[in-house]
Amino acid sequence: MRISEDGRRRGAPSGRRRGLGAALVGAALLGAVCGAGPAAALDAAVRTPVPAAGGYRNAREAVRSGVRDYNAGDKEGAARALEYAAGQGHALALWKLGRMYAEGDGVPHDDLKAFEFFSKIADENADEGPDSATATVVSSAFTALGRYFLDGIKGSYVRPNVERAYEMFNYAASYYGDPNAQYNLARLYLDGTGVAQDTRQAARWFNLAAEKGHPAAQALLGQMLINGQGVPTQRSRGLAWLTLARDAADGAKDQWIVTLQEQAMSAASERDRAEAQAQVDGFYRRSARAR
């Protein structure tokens, strides 16, 4: 099996691929349980009773109603509609509810509920292909599970397990080419968390995510290129990636990106600055043509 330039697995015999994701989820989530039955780890309905249908003809209609309510600011109504659709196994509803509970967005913050919604997505859809309609939702669920396994969930059966985190990130990064998973996988290699430290592998995964526009991956790849960490030193290219990351930085939470770029810019030669700007301009031209 090989991995293509976007980080997705290619050329896997269907017999080997079929069941791989489901087996991975089963092993990983059973490993999270301590003093709870397997069903508690895999089934979000254990903690979230499905409400009455409320007039919805099917899960798709409930999702449409939930999205409409959410966009109108009625997040309580959105949660009711989405919970009905989630009870029918609708992947998008499960994902949206997982995000809402993870962020406390219109519902009480509850990481365990979020974990269970994401688990249900992964358990029921793990073998969906990378080009399927639900691929983005499924890969996002695997990535979210990986982050929960990194730290565990305090006061719950979900214990820190970096090996499981690696498996979740690696599956989403390799099979689905998910940029968030690729970034998280790169961080494991960069820091030597759960794996042997490998800056070359870190740079490879950062690069795959950076090419997809992931600002944090762009910033850390840029820093590695400037310092020659795991890759040959390429100061102008590193500065270009840092500049792209700064352009996409999101407020206070990404202030560290701004700081890195400003420090690199102040230390760069005029030639490196000019070459970096040319590379940034070229990146934006290519992006515009690709739209």
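Placed above this text is the structure.
Residues numbered from 1 in each chain as written. Predicted model: local features only at pLDDT ≥ 70, side-chain atom pairs only at ≥ 80, totals over all residues. Heavy atoms only, no water.

Student: Talk me through the packing of helix H13 (residues 235-247) against helix H14 (residues 255-267); I want residue IDs and the actual numbers.
Tutor: Running from N to C, H13 and H14 cross one another at 145°; their axes reach a closest spacing of 9 Å. Every pair of crossing elements has a handedness; the one defined by H13 and H14 is left-handed. Within the contact between the two elements, H13 uses Leu-239, Leu-242, Thr-243, Ala-245 and Arg-246 and H14 uses Ile-257, Val-258, Leu-260, Gln-261, Glu-262, Ala-264 and Met-265. The class makeup of the residues in the contact of H13 with H14 is eight nonpolar, two polar and two charged. (Axes fitted to C-alpha atoms, helices over the stretch in contact; angles between N-to-C directions. Helix = DSSP H or I, 4+ residues; strand = E, 2+ residues; numbered from the N terminus. Left-handed = near helix turned anticlockwise from the far one by under 90°. Contact = heavy atoms within 4.5 Å. Nonpolar A, V, L, I, M, F, W, Y, C, P; charged D, E, K, R; others polar.)

Student: Now, about the environment of Asp-254: what can you tell me, with residues and values included?
Tutor: Considering the arrangement of structural elements, one finds Asp-254 in the loop between H13 and H14. Sequence spacing of Asp-254 and Ala-216 is 38 residues, and the spatial spacing of their C-alpha atoms is 8.1 Å. Sequence-distant contacts of Asp-254, defined by excluding residues within four places in its chain, comprise Ala-248 and Ala-249. Looking at Asp-254, its side chain comes within polar contact range of the main-chain nitrogen of Asp-250, at 2.7 Å. (Polar contact = N/O pair within 3.5 Å; in protein donor to acceptor, adjacent residues only side chain to side chain.)

Student: Could you give an account of helix H5 (residues 75-87), with specific residues and numbers?
Tutor: In this model, H5 (13 residues) spans 18 Å end to end at C-alpha, consistent with the 18 Å of a helix rising 1.5 Å per residue. Residues of H5 that are buried: Gly-77, Ala-78, Ala-79, Ala-81, Leu-82, Glu-83, Tyr-84, Ala-85 and Ala-86. The elements touched by buried residues of H5 are helix H4 (59-71), helix H6 (91-103) and helix H7 (111-125). Just past H5, the residue Gly-89 takes up positive phi, approximately 85°. (Expected span 1.5 Å × (residues − 1). Buried < 20%, exposed > 50% of the residue type's maximum accessible area, 1.4 Å probe, protein only.)

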